[in-house]
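Survey of secondary and tertiary structure
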Amino acid sequence: SALVQNKKGGVDWPSELRQSVSVKRKTKPRVKMMDPKVLMAYHRWVVKNLDAMSRKYPHKFIAVYRNRLVAVGNSHKEVYAEAVKQGVKEPPLTMQVPVLEDVEAIL
């Protein structure tokens, strides 16, 4: 059977195909969102320590948990794994430290 144009200008599937076609929608995995208060605490830590981190760890990745630097490494995966190894149960803040020139350009 051929597709048939409907009254609205769209196309309808033939009835024999319409019944046999089922569409399963893939649902995205639910990502647990960080508490906004925790996120703001991380933001304050970054603002307070960004200058020192940019001087000491330019281009490195860091993991911060409860106002404490818990890991420094070469990738998000590496610092996250180190944080977990140290017993961090909740997701830490992980980020790449910008170089000092980038920080100055932003400010």
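Look above for the structure.
Structure report, in brief.

Cut-offs used in this document
- Residues numbered from 1 in each chain as written.
- Predicted model: local features only at pLDDT ≥ 70, side-chain atom pairs only at ≥ 80, totals over all residues.
- Heavy atoms only, no water.
- Core = buried A, V, L, I, M, F, W, Y, C linked by side-chain atoms within 4.5 Å.
- Buried < 20%, exposed > 50% of the residue type's maximum accessible area, 1.4 Å probe, protein only.
- Helix = DSSP H or I, 4+ residues; strand = E, 2+ residues; numbered from the N terminus.
- Contact = heavy atoms within 4.5 Å.
- Salt bridge = Lys/Arg side-chain N within 4 Å of Asp/Glu carboxyl O.

One recurring pattern in soluble globular proteins is that nonpolar side chains are buried together. Core analysis: the biggest nonpolar cluster contains 18 residues, and W45, M53, I62, A63, V64 and L93 have the highest contact counts within it. Secondary structure elements with two or more residues in this core: α2 (36-56), β3 (61-65), β4 (68-73), α3 (76-85) and β5 (93-96). If sequence neighbours within four positions are ignored, M53 has contacts with W45, P58, I62, L69 and V97.

Taken as a whole and assessed by the stated rule, the structure comprises two salt bridges. Where R55 meets D51, a salt bridge forms, and the shortest distance between an N and an O atom there is 3.2 Å. With a gap of four residues between them, R55 and D51 both fall in helix α2, about one helical turn apart. Here R55 falls in the exposed class, since its relative accessible area comes to 56%. A salt bridge links E90 to R66; the shortest N-O distance between them is 3.7 Å. Of the two residues, E90 sits in the loop between α3 and β5 while R66 sits in the loop between β3 and β4, which places them 24 residues apart along the sequence.

What follows concerns the environment of V46. Inspection of the secondary structure assignment puts V46 in helix α2. Of the residues examined, V46 reaches a relative accessible area of 16% and is grouped as buried. Between the C-alpha atoms of V46 and L93, which are 47 residues apart in sequence, the distance is 9.7 Å. Beyond its immediate sequence surroundings of up to four residues, V46 is in contact with L93 and M95.

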